[in-house]
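For reference, the chains in residue letters:
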Amino acid sequence: MWYVSTRGMAPRVDFEGALFSGYAPDGGLYMPEKLPQLDRDTLRQWSVASYPSLVKELCSLFIGPELIPRDDLNDLIDRAFSRFRHKEVVHLSRLRNGLNVLELWHGVTYAFKDLSLCCAAQFLQYFLEKRKKHITVVVGTSGDTGSAAIESVQGAENVDIIVLLPKGRCTKIQELQMTTVLRENVHVFGVEGNSDELDEPIKAVFADVAFVKEHSLMSLNSINWSRVLVQMAHHFFAYFRCAPTLDLHPLPPVEVVVPSGGAGSLAAGFIAQKMGLPIHLVVAVNSNDIIHRTVQRGDFSLSEAVKPTLASAMDIQVPYNMERIFWLLSGSDSQVTRALMEQFERTRGVSLPKELHSKLSEAVISQSVSDEAITQTMGRCWEENQYLLCPHSAVAVSYHYQQVDGRQPSPPRCCLAPASAAKFPEAVLAAGLTPETPAEILALEHKEARCTPMRKGDDWTRMLRGLIEDLSRQWRGRFRNAPA
């Protein structure tokens, strides 16, 4: 299995190359050169599989056995999910009025990112141990990515992790989950800016190709192919749990509602669909509605500013993974994708070509959800089911209630729930409900925290480069002094 850049100007790489690169050298994102097609018999076999088994099956299609033999792959995935609180790893809650909520948040940090990042970290460490190498992972976060990335690699010998978080713009719990991990290989910066602003120094560092190579840098943000790969399992699991039967011909569809910021889970859904999974996709966003405007009008352009919302992890202006979707829908046309994305990067806005827009609007339904609708949805779900939704999950469920109230005929529907309400007590209170906070989250308040400020007026890029250089020096010193 080979991977190519969506912009078509970089050499193809294998899974290991895509895992360690993040962005391709031409600025594009890696995608499989060919997507495996799944026939009806394979889907029927997979339909009884557990979530970890589905991840193993999917990963084995995209990671050659010459890179990770199947037995090793199975062990890595078992290890990745060993700290999850639910025995199924993910769990489907069937609630009133046909509401199916797929809980993707049973990992250590109570968010869906634990699923893909735990696997990515196992793959990384497997290759690093084999190659006797060290890497520094640099992550910008709007909330959940940072803590999930930290948990997945904390204490690892061959990995240092640097996280930039937007100070005061994550929830208190999200921030504490990052700043209270006092391991030697964990380094956290609190940036006086929003999540798009803190991406600037990261982009500047990664633009220096020689520096990236010299210091073995990589990113684990949602653009990393390994994360999209694992997120495909959400769609397969949702389909198999919600399809009424697999005995019909053609197979019956299931609608999957994806709450989205960076469009990683949405891109995973598009790929699953292209492989033959009969899902209909709905993307639900908060007031930062670039994805919704793109689907509705072909208007892929930035708003003047990020609007802070209750669904704060989705307060994102640039949904990087849309590039993968444009590439897929244009028939893997890297010329079209490159022209579109380069224009977007230059002008901060672009109108999709007519043909591409019509393909996108046929392939996915979209909706933008206000804070008011989020709190109403949280309230209604509690009233009907005694079930607390996080504000991001409520963005998806809001679409479900709209369809139910409009008595719209539809296939069975599954709403992806990316985080536990326990992480968002402020939003739960805003909905007039009582937060339920697990003891381990309450305990964060009393832990020692460590965080280096990046203040307005500081040279953020210089600070970041300086820490990276220090970590490289330390690793080389350790490696030289290690017993042979």
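Model, not experiment: these values are computed from the prediction. (Residues numbered from 1 in each chain as written. Predicted model: local features only at pLDDT ≥ 70, side-chain atom pairs only at ≥ 80, totals over all residues. Heavy atoms only, no water.)

Draft legend 1. Seen up close, the nonpolar core. Grouped together as the largest cluster of nonpolar side chains are 122 residues, with contacts concentrated most on Phe15, Tyr51, Phe81, Phe123, Trp225, Phe236 and Leu360. In this structure, this core is formed jointly by two domains, domain 1 (91-108 + 225-438) and domain 2 (134-215 + 447-477), each of which donates at least three residues. Apart from the residues within four sequence positions on either side, Phe81 is in contact with Tyr51, Pro52, Val55, Val89, Leu115 and Cys119. Counting residues in each nonpolar core, the second largest holds 34 residues, with Trp105, Ala111, Tyr399 and Ala427 among its members. (Core = buried A, V, L, I, M, F, W, Y, C linked by side-chain atoms within 4.5 Å. Buried < 20%, exposed > 50% of the residue type's maximum accessible area, 1.4 Å probe, protein only. Domains from an automatic or database assignment. Contact = heavy atoms within 4.5 Å.)

Draft legend 2. Seen up close, helix H8 (residues 195-207). Over its 13 residues, H8 extends 18 Å from the first C-alpha to the last, a length consistent with the 18 Å expected when each residue adds 1.5 Å. Among all positions of H8, only Ser195, Asp196, Leu198, Asp199, Pro201, Ile202 and Val205 are buried. (Helix = DSSP H or I, 4+ residues; strand = E, 2+ residues; numbered from the N terminus. Expected span 1.5 Å × (residues − 1).)

Draft legend 3. How the structure looks around the environment of Ile316. Locating Ile316 in the fold gives a position in the loop between strand S11 (299-301) and helix H13 (322-329). Counting along the chain gives 122 residues from Ile316 to Asn194, while the straight-line C-alpha distance between them is 9.2 Å. Setting aside anything within four residues of it in sequence, one finds Ile316 in contact with Ser142, Asp196, Gly261, Gly262 and Asn288.

Draft legend 4. Main features of the sheet that holds strand S10 (residues 279-285). Taken together, the six strands give an open sheet; going across it, the order is S3-S4-S14-S9-S10-S13, and neighbouring strands pair in mixed fashion. Looking at which strands have only one partner, the edges of the open sheet turn out to be strand S3 (91-94) and strand S13 (364-368). Within the sheet, the average angular offset between the axes of one strand and its neighbour, ignoring direction, is 25°. Strand direction decides the pairing type here: strand S9 (residues 254-259) and strand S14 (residues 413-417), joined by three bridges, are parallel. Bridge pairing links Val257 to Cys415 in S14. Contacts from helix H12 (residues 290-297) reach S10 and S13 within the one sheet, and its direction differs from that of S13 by about 130°. Packing of helix H17 (residues 391-405) onto the sheet brings it into contact with strand S4 (100-103), S9, S10, S13 and S14, and relative to S14 it is tilted by some 160°. (Pairing = 2+ DSSP bridges. Axes fitted to C-alpha atoms, helices over the stretch in contact; angles between N-to-C directions.)

Draft legend 5. Layout of the sheet that holds strand S8 (residues 217-219). Pairing is parallel across the open sheet formed by five strands, whose spatial order is S8-S5-S6-S7-S15. In this open sheet, the two strands that pair with only one neighbour each are S8 and strand S15 (452-454). Averaged over all adjacent pairs, the angle separating strand axes in this sheet is 25°, with direction ignored. Strand direction decides the pairing type here: strand S6 (residues 159-166) and strand S7 (residues 186-191), joined by six bridges, are parallel. Along S7, the bridge assignment pairs Leu165 with Gly190. Along the sheet face, helix H7 (residues 172-179) touches S6 and S7 and points at about 155° away from the line of S6.

Draft legend 6. Looking closely at the pattern of salt bridges. Evaluation of the coordinates by the stated rule reveals 19 salt bridges. Through salt bridges with shared partners, a single network forms among Asp289, Arg293, Arg297 and Asp299. (Salt bridge = Lys/Arg side-chain N within 4 Å of Asp/Glu carboxyl O.)

Draft legend 7. Up close: the packing of aromatic side chains. In total, this model carries 14 aromatic pairs according to the counting rule given. Among the aromatic residues, those joined into a cluster by ring pairs are Tyr3, Phe15, Phe62, Phe123 and Trp225. Between the NZ or CZ atom of Arg85 and the centre of the ring of Tyr110, over which it lies, the distance is 3.6 Å. (Phe/Tyr/Trp six-rings, centres within 6.5 Å; stacked < 30°, edge-to-face > 60°. Lys NZ or Arg CZ within 6 Å of the ring centre and 35° of its normal.)

Draft legend 8. Structural context of the UniProt feature "modified residue: N6-(pyridoxal phosphate)lysine" (unreviewed entry) in the chain. Residues given the UniProt feature "modified residue: N6-(pyridoxal phosphate)lysine" (unreviewed entry) here are Lys113. With respect to the helices and strands, the residue Lys113 is situated in helix H5 (residues 113-131). Apart from the residues lying within four places of it in its own chain, the contact partners of Lys113 are Asp144, Thr145, Ala148 and Arg227. (UniProt positions renumbered as here; feature names shortened; annotations may be inferred.)

Draft legend 9. Local environment of the domain arrangement of the chain. We note that the domain assignment places domain 1 (91-108 + 225-438) and domain 2 (134-215 + 447-477) within the chain. Placing the centre of domain 1 and that of domain 2 at their C-alpha centroids yields a distance of 28 Å. The interface of domain 1 with domain 2 comprises 16 residues on the first partner and 16 residues on the second. Summed over both partners, the interface of domain 1 with domain 2 comes to about 1,200 Å²; 45% of that surface belongs to carbon and sulfur atoms. Here domain 1 and domain 2 share zero salt bridges between them. Counting across the domain 1 and domain 2 interface gives three residue pairs in polar contact (both at pLDDT 80 or more). Along the lines of polarity and charge, the residues of the side of domain 1 that touches domain 2 split into 10 nonpolar, two polar and four charged. (Buried area = accessible area lost by both parts, 1.4 Å probe. Polar contact = N/O pair within 3.5 Å; in protein donor to acceptor, adjacent residues only side chain to side chain. Nonpolar A, V, L, I, M, F, W, Y, C, P; charged D, E, K, R; others polar.)

Draft legend 10. Looking closely at the UniProt feature "domain: Threonine synthase N-terminal" (unreviewed entry) in the chain. Here, UniProt's "domain: Threonine synthase N-terminal" (unreviewed entry) annotation points to residues 3-81. For residues 3-81, the helix share is 47%, the strand share is 8%, and the end-to-end C-alpha distance is 26 Å.

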